[in-house]
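# Report on the structure
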Amino acid sequence: MRSFALSITCLGSFLVLAGCAAGLRAEANALPFALPSTPETVRVRILYTRHAVSLSCAGAYRFQMRESTKSFLRHSSTSVRAMRSAMVFGQTSFKGEVVVMPESSTDTLKLNGRHYRGLLVFHPLGSGRYDVVEYLSVEEYLYGVLPREVETTWPLDALKAQAVVSRTYVLYNKMKGANERYDVLDSVLDQVYGGQNVEAPSTTQAVNETHDEILLDSAGKLVQAFFHSSCGGHTELPEHVWKSSYPSDVFGVVSDGSYCSDDPHYKWQLSVPYTTLRARLKRAGFQIRDIKSISILQKSASGRAETFILETSKTQIEVAGNRFRLALGPEALRSTLLVNMKAGKKSVFFEGRGWGHGVGLCQWGARGRALAGQTYKQILQTYYPKAKLATQTL
């Protein structure tokens, strides 16, 4: 059985813009339904594209518009694309959102070869663009998150710490974005999610053994549970990264010492031509005609660059450290914890430690601590010293 239930309601009808394609069977008296909206349901945007995708299922699957008394049953794969403001399934066009679900609760849908546990909603966005949002339970979502966020071979307590943090993170986002079309993306912009294909016994065990466990602040509210790959030896407070109001008292500035030093990207170097730097900054919204040099104006207590100064032929431009990193590319400038920076005539050289913003849980540090014998509760207490581990009640 799926962990969510479809609530039956009376809705309107939909417009079929084209006739039924071969292999589709319309059922005119199908019951319309409302999408799952229970507290344990999370909405994950798994695709945003203009391209056609392949949709299939091991058994039969059904699709219909949300406001519909007709549904279509399909037993083979279907090509799905958007055309203007409509979704096209095979040769059948639907003007509006289309919901797809397996006929049997034991089957899973497959999109472009990847299996998904939940039901899928296709949203036409105009100009041939559309996105796909999966509705599934928080725990099932975590089954597909942990194997993409950490190594499945890591110690169980490191995996359990990540499970609690990832659960808290998605529930916070769900609460914050209640009026949006989805709660989280499936990428590093939120948490990397790979669907059912990536699930592994060790990470599933970590999710199950921490079932419903979350982090709360002193007021009993969900923590915005930031995490990152490797802190490079020192974690950071959020106000030094985002310049916004965050409950920083739940976080700590942790000296991880050698705990995260096994990270293969613990130390890194990067050389960037000024022409490339200017193009990346321009794409991020900065109007810069040329770059003559670059320096660090201010560092945080952890050693991270809070503000960069760009020297141009006419002026100086200040750029916040994290914004600079994201503009250059977080896969390139892995962190702002720089141990060396040399500005040349045509390029700048960076030497740094760690990967990520440095706030909250250090994933490689959690691994090192678990290998040293720390429990997941001790690990969480280290990175979120003023947060409380609790069990949510839905």
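Higher on the page you've got the structure.
All values derive from a computational prediction rather than experimental measurement. (Residues numbered from 1 in each chain as written. Predicted model: local features only at pLDDT ≥ 70, side-chain atom pairs only at ≥ 80, totals over all residues. Heavy atoms only, no water.)

## Details of the layout of surface pockets
Taken as a whole, the largest pocket spans an internal volume of roughly 1000 Å³. Along the walls of the largest pocket sit 33 residues, with Glu 149, Val 188, Phe 227, His 228 and Ser 229 positioned nearest its centre. Grouping the constituent residues of the lining of the largest pocket by class yields 16 nonpolar, nine polar and eight charged. (1 Å grid on protein atoms, 1.4 Å probe; cavity = no way out; pocket = protein on both sides within 12 Å on 5 of 7 lines; lining within 4 Å. Points joined across faces, edges and corners; volume = space filled by probe spheres on them. Nonpolar A, V, L, I, M, F, W, Y, C, P; charged D, E, K, R; others polar.)

## Some remarks on the side chain of Thr 49
Along the chain, Thr 49 turns up in strand S4 (residues 41–49). Residue Thr 49 is classed as buried on the basis of its relative accessible area, which comes to 11%. Within the structure, Thr 49 has its side chain in polar contact with the backbone nitrogen of His 51 (distance 2.9 Å). When neighbours within four sequence positions are excluded, Thr 49 is seen to be in contact with Gly 128, Arg 129 and Tyr 130. (Helix = DSSP H or I, 4+ residues; strand = E, 2+ residues; numbered from the N terminus. Buried < 20%, exposed > 50% of the residue type's maximum accessible area, 1.4 Å probe, protein only. Polar contact = N/O pair within 3.5 Å; in protein donor to acceptor, adjacent residues only side chain to side chain. Contact = heavy atoms within 4.5 Å.)

## Description of helix H7 (residues 363–371)
H7 sits mainly inside the fold: eight of its nine residues count as buried. Of the positions making up H7, those classed as buried are Gln 363, Trp 364, Gly 365, Ala 366, Arg 367, Gly 368, Arg 369 and Ala 370. Of the surrounding secondary structure, the elements contacted by the buried residues of H7 are helix H1 (138–149), helix H2 (156–176), strand S18 (227–228), strand S25 (361–362) and helix H8 (376–383). Two residues or fewer past H7, Gly 373 is found with a positive phi of approximately 105 degrees.

## Details of H2
Here H2 spans 30 Å end to end across 21 residues, near enough to the 30 Å set by a 1.5 Å rise per residue. Across the 21 residues of H2, 17 count as buried, placing the element largely inside the fold. (Expected span 1.5 Å × (residues − 1).)

## Comments concerning the packing of aromatic side chains
A complete count under the given rule lists 17 aromatic pairs for this structure. Centroid distance Phe 72 to Phe 94: 5.4 Å. Interplanar angle 80 degrees. Geometry classified as edge-to-face. Here the residue Phe 72 occupies a position in strand S7 (residues 71–74), and Phe 94 occupies one in strand S10 (residues 92–94), the gap between them amounting to 22 residues. Grouping residues by exposure puts Phe 72 and Phe 94 together as buried. The structure contains a cluster of three or more aromatic residues connected by ring pairs, namely Tyr 61, Phe 63, Phe 72, Phe 89, Phe 94, Phe 122 and Tyr 130. Over the ring of Trp 355 we find Arg 334; its NZ or CZ atom is 4.5 Å from the centre of that ring. (Phe/Tyr/Trp six-rings, centres within 6.5 Å; stacked < 30°, edge-to-face > 60°. Lys NZ or Arg CZ within 6 Å of the ring centre and 35° of its normal.)

## Thoughts on the packing of H2 against helix H3 (residues 201–209)
When two helices pack together, you describe them by how their axes are tilted relative to each other and by the distance separating the axes. The contact between H2 and H3 brings their axes to 8 Å, and the two run at 60 degrees. One element, H2, and the other, H3, form an angle in the oblique class. As H2 packs across H3, the resulting crossing turns out to be right-handed. Residues Leu 156, Leu 159, Lys 160, Ala 163 and Arg 167 of H2 form the contact with H3, whose own contacting residues are Ser 202, Thr 203, Gln 205, Ala 206, Val 207 and Glu 209. The class makeup of the residues in the contact of H2 with H3 is five nonpolar, three polar and three charged. (Axes fitted to C-alpha atoms, helices over the stretch in contact; angles between N-to-C directions. Parallel < 35°, antiparallel > 145°, perpendicular 65-115°, else oblique. Left-handed = near helix turned anticlockwise from the far one by under 90°.)

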